[in-house]
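# Notes for the structure review
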Amino acid sequence: MLEIRIHGRGGQGAVIASKVLAGAFFREGKWVQAFPAFGVERRGAPVTAFVRVDEEPILVRCQIYEPDQLLVLDPTLIEAVDVTQGLKPGGLVLINSERPPEAFSLGDYRIATVDAGAIALKHGLGTREQPIVNTAILGAYARASGLVSLDAVLEEIAESVPLGAEANRAAAREAYERVRLPAPAPAAKNA
Amino acid sequence: MAKKVLMGNHAVSYGARLSRVEVIAAYPITPQTQVVEELAEMCAWGDLNAKFIKVESEHSAMAACIGASATGARAFTATSSQGLLLMHEMLHWAAGARLPIVMANINRALAPPWSIWSEQTDSLAQRDTGWLQFYCESNQEVLDTTIQAFKISERVLLPAMIILDAFFLSHTYEPVEVPAQEAVDEFLPPYKPPLKLDVDDPHAFGALVGPDGYYEFRYNIQKAFEEAQRAIIEVGEEFGERFGRAYGLVEPFYVDDAEVVLVTSSTITSTARAVIKERRARGERVGLLKIRVFRPFPFEAVREMLLGVPKVAVIDRNLSLGHHGIFHAELKSALYGQRNAPAVFGFVAGLGGRDVTPRTIHQILDIVGSQEEPDRDVYWIGLKAKAEEGQPAGNGRKQRQRVKA
């Protein structure tokens, strides 16, 4: 089973990201489960969401404490909360940041970055103060993880993002191209 | 059939739409959920030909459903926690009037302190109102049970509650097979009430009945609950034949040769299945009995499954204050005085949405494995140290200071 934890702030679209990512894996024949971390969400407050992916029906129904991978929608969360708590060694950490992966020393993880905020703004998603970065980060995830295709992500965005699907798809596509992968790419197993 | 990724709330909405509900009466504000939000959209877009009545309280929502059902309409509502409690008076009325209303309740803990998280005490506190109660484990079961509930209710003329855990189902997205409308239409024909309010044939309903008659009314409802056991089994089997997923009153999982059987309901069942599979792989003789139907309580099915098992552990995400976990108490009453009854351990876990993880279930199995008999009435799992000393959990003083600042 693949377990992914998504960290964001209220308003960035972390919960929708979990749903879209689960939907993309589902399109490729996987069993999926996606859910938010049951908080009282306020704009700007830390939000967590979870995705499980497996080849068979998923039985466990609780939060994810030892994820295989992390998506961090806001780099300031790295200072605010212990985002890597429980993350398995060698796990992928995909961060929305204009900085390169080497700028983050979080431990024995595979770090990738993408400037999802700039990409979102370029495509008119959200405001300068609060760009909506969720679809961009998912495009980057398709490339950085190699576990789900960009096509599946784009199809799922078309179906489950009610407004501005085209701009969101364009942002995901651009983030797929622009994501900065760790160098040299290790052969670490993520799933 | 088509498989879709649905959240639990919407699985209820799809089930109600496929059942061609005719009247939906609901209070639209907290603690309401997306169940009726989605149904309102379905009505607005013309995907569902139902009258959607917005009301000013849950008490009124149930009153409107009672009126609608009495005229022969298929009536539906949904609520949660405090909203369900506000309906309490009308719940008795719906059952006493023998109206097959179907309602979804999202299990949420009761205030104070305020909580929006999962706990079963809201619906279990309605156990004596005369409603059938189904506790669901997955979004698929939620959708399937919504459809079955109408068929069962309309056969025995009792209202039914479909119950799902807050967040662990209500806000969780997972794949759900959505049956085709034609297939559901064949399974669930339109509701034909034996008696109804009819302006062309006027009758009065709900009149005063003296001591010479009331007793028999209650006897008849009790008989209807006995019939409901058969109806639930038969409808669950028919559903299985038509849709490939059969349901019953209880569901055993590795019970046959088990030395320890967990008794669970709702989503704790699902997590416990993963733990049972893991321990079976290690050669441990452990199993699980899921209780799907709480009313009517499946006395016979429970005895059939558990008599002869050495040890049983009930996990309750609910509590009758001053008594025990509620499934625990009911189970003991079903087993009392029976030959070869197991030792019954009662665990209260996950109140107010505290996460019940595989680790929690392992802890429970370890406790049960280490002793022959329970050494207390109720076991609390993962209680914070301060509370065990009789003080409130968490740092109350620090919180007060923060509020002042």
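All values derive from a computational prediction rather than experimental measurement. (Residues numbered from 1 in each chain as written. Chains lettered and ligands numbered in written order. Predicted model: local features only at pLDDT ≥ 70, side-chain atom pairs only at ≥ 80, totals over all residues. Heavy atoms only, no water.)

With that out of the way, let us pick up the interface of chain B and chain A. Listed by partner, the interface residues are 25 residues for chain B and 19 residues for chain A. Buried surface at the junction of chain B and chain A, both sides included, amounts to about 2000 Å², of which 66% is carbon and sulfur. For the pair chain B and chain A, the number of links is one salt bridge. In this structure, Glu174 of chain B and Arg61 of chain A form a salt bridge, with 3.0 Å as the shortest nitrogen-oxygen distance. For the interface between chain B and chain A, the tally reads nine residue pairs in polar contact (both at pLDDT 80 or more). Breaking the side of chain B that touches chain A down by element, the ones donating at least two residues are strand S1 (2–7), strand S8 (173–178) and helix H10 (266–281) of chain B. (Contact = heavy atoms within 4.5 Å. Buried area = accessible area lost by both parts, 1.4 Å probe. Salt bridge = Lys/Arg side-chain N within 4 Å of Asp/Glu carboxyl O. Polar contact = N/O pair within 3.5 Å; in protein donor to acceptor, adjacent residues only side chain to side chain. Helix = DSSP H or I, 4+ residues; strand = E, 2+ residues; numbered from the N terminus.)

This part is about the nonpolar core. Ranked by size, the top nonpolar core spans 102 residues in total, and within it Met62, Phe76, Val302 and Leu331 of chain B carry the most contacts. In terms of residue count, helix H9 (residues 211–243) of chain B provides more of this core than any other element does, nine residues in total. Lining this core are residues from two domains, each supplying at least three of them: domain 1 (2–243) and domain 2 (250–388) of chain B. When near neighbours in sequence (up to four residues on either side) are disregarded, Leu331 of chain B contacts Val263, Ile291, Phe297, Val302, Leu306, Val312, Val314 and Val344 of chain B. Core analysis: the next-biggest nonpolar cluster, separate from the first, contains 48 residues, Leu2, Ile4, Phe25 and Val47 of chain A among them. (Core = buried A, V, L, I, M, F, W, Y, C linked by side-chain atoms within 4.5 Å. Buried < 20%, exposed > 50% of the residue type's maximum accessible area, 1.4 Å probe, protein only. Domains from an automatic or database assignment.)

Take a nonpolar patch on the surface next. All names here are of chain B. On the surface, a cluster of nonpolar side chains totalling about 310 Å² of accessible area is made up of Leu195, Leu197 and Phe205. In this fold, Phe205 is placed in the loop between helix H8 (181–187) and H9. In this structure Phe205 comes out as partly exposed when scored by relative accessible area, which is 44%. (Patch = residues over 30% accessible without salt bridge, like charges linked within 9 Å, V, L, I, M, F, W, Y side chains within 5 Å. Areas by Shrake-Rupley, 256 points an atom, 1.4 Å probe, with all protein chains shown as cover.)

The next thing to look at is the environment of Asn340 of chain B. Residues and elements named next belong to chain B. Inspection of the secondary structure assignment puts Asn340 in the loop between helix H12 (326–335) and strand S14 (343–348). Of the residues examined, Asn340 reaches a relative accessible area of 55% and is grouped as exposed. C-alpha of Asn340 to C-alpha of Phe205: the two residues are 135 residues apart in sequence and 48 Å apart in space. Among residues more than four places away in sequence, those in contact with Asn340 are Leu306, Leu307 and Gly308.

Before going further, it helps to examine the side chain of Asn96 of chain A. All names here are of chain A. Inspection of the secondary structure puts Asn96 in strand S5 (residues 92–96). A relative accessible area of 8% means that Asn96 is categorised as buried. In this structure the side chain of Asn96 is engaged in a polar contact, spanning 3.0 Å, whose partner is the backbone nitrogen of Ala116. Ignoring any residue separated from it by four or fewer positions in sequence, one finds Asn96 in contact with Val72, Leu73, Pro75, Val114, Asp115, Ala116, Gly117, Val133 and Ile137.

Residues and elements named next belong to chain B. Interaxial distance between helix H1 (residues 8–18) and helix H7 (residues 139–156) falls to 8 Å at its minimum, and their mutual angle equals 25°. In terms of orientation, H1 and H7 fall into the roughly parallel class. The crossing of H1 and H7 is right-handed. For the pair H1 and H7, contact is made by Gly8, Ala11, Val12, Tyr14, Gly15, Ala16 and Leu18 and by Asn139, Val142, Leu143, Thr146 and Ile147, respectively. (Axes fitted to C-alpha atoms, helices over the stretch in contact; angles between N-to-C directions. Parallel < 35°, antiparallel > 145°, perpendicular 65-115°, else oblique. Left-handed = near helix turned anticlockwise from the far one by under 90°.)

Here we come to the sheet that holds strand S11 (residues 286–291) of chain B. All names here are of chain B. Spatial strand order, S9-S11-S10-S13-S14-S15: six strands in an open sheet with mixed pairing. In this open sheet, the two strands that pair with only one neighbour each are strand S9 (250–253) and strand S15 (379–380). In this sheet, S11 lies alongside S9 in antiparallel orientation, the contact comprising four bridges. Residue pairing across strands places Phe253 opposite Leu288, the latter belonging to S11. Packing of helix H13 (residues 358–369) onto the sheet brings it into contact with strand S10 (260–264), S11, strand S13 (311–316), S14 and S15, and relative to S13 it is tilted by some 145°. (Pairing = 2+ DSSP bridges.)

All names here are of chain B. A full pass over the atoms with the stated rule returns zero disulfides over all chains. You can see Cys65 has no disulfide; the closest cysteine sulfur is in Cys43, sitting 13 Å from it. Its sulfur unpaired, Cys136 is 18 Å from the next cysteine sulfur, which belongs to Cys65. Classification of Cys136 as buried rests on a relative accessible area of 0%. (Disulfide = S-S within 2.5 Å.)

What follows deals with the pairing of strand S4 (residues 75–80) of chain B. Look at any regular strand and the pattern is simple: side chains alternate between the two faces of the sheet. All names here are of chain B. Most of S4 is tucked away, with six of its six residues classed as buried. Here S4 shows two buried faces, one formed by Ala75, Thr77 and Thr79 and the other by Phe76, Ala78 and Ser80. Sheet topology note: the strand S2 (residues 23–26)/S4 ladder contains two bridges and is parallel. Paired with Val23 across the two strands is Ala75, which belongs to S4. Relative to strand S5 (residues 102–107), S4 runs parallel, the two being bridged by five bridges. Each residue of the ladder has a partner; that of Ala78, found in S5, is Ala104.

Quick look at the domain arrangement of chain B now. Residues and elements named next belong to chain B. For chain B, the assigned domains are domain 1 (2–243) and domain 2 (250–388). On a C-alpha basis, the centroid separation for the pair domain 1 and domain 2 is 28 Å. Domain 1 puts 27 residues into the contact, and the matching count from domain 2 is 28 residues. Surface buried jointly by domain 1 and domain 2 totals about 2300 Å² across both partners, of which 50% is contributed by carbon and sulfur atoms.

For the rest of this paragraph, the subject is the packing of aromatic side chains. Residue and element names in this part refer to chain B. Tallied over the entire structure, the rule returns 14 aromatic pairs over all chains. Judged by centre distance (4.8 Å) and plane angle (80°), the ring pair of Phe253 and Tyr254 falls under edge-to-face. The exposure class of Phe253 is buried, given its relative accessible area of 16%. Between the aromatic rings of Phe347 and Tyr379, the centroid separation amounts to 5.0 Å while the plane-to-plane angle is 25°, which identifies the pairing as stacked. In this pair, Phe347 is assigned in strand S14 and Tyr379 in strand S15, connecting sequence segments 32 residues apart. With a relative accessible area of 1%, Phe347 lands in the buried category. Looking at Tyr379, the relative accessible area reads 4%, which means it is buried. Seen from the ring of Tyr14, Arg17 lies directly overhead, with NZ or CZ sitting 5.3 Å from the centre. Sitting over the face of the ring of Phe253, Arg273 holds its NZ or CZ atom 5.0 Å from the ring centroid. (Phe/Tyr/Trp six-rings, centres within 6.5 Å; stacked < 30°, edge-to-face > 60°. Lys NZ or Arg CZ within 6 Å of the ring centre and 35° of its normal.)

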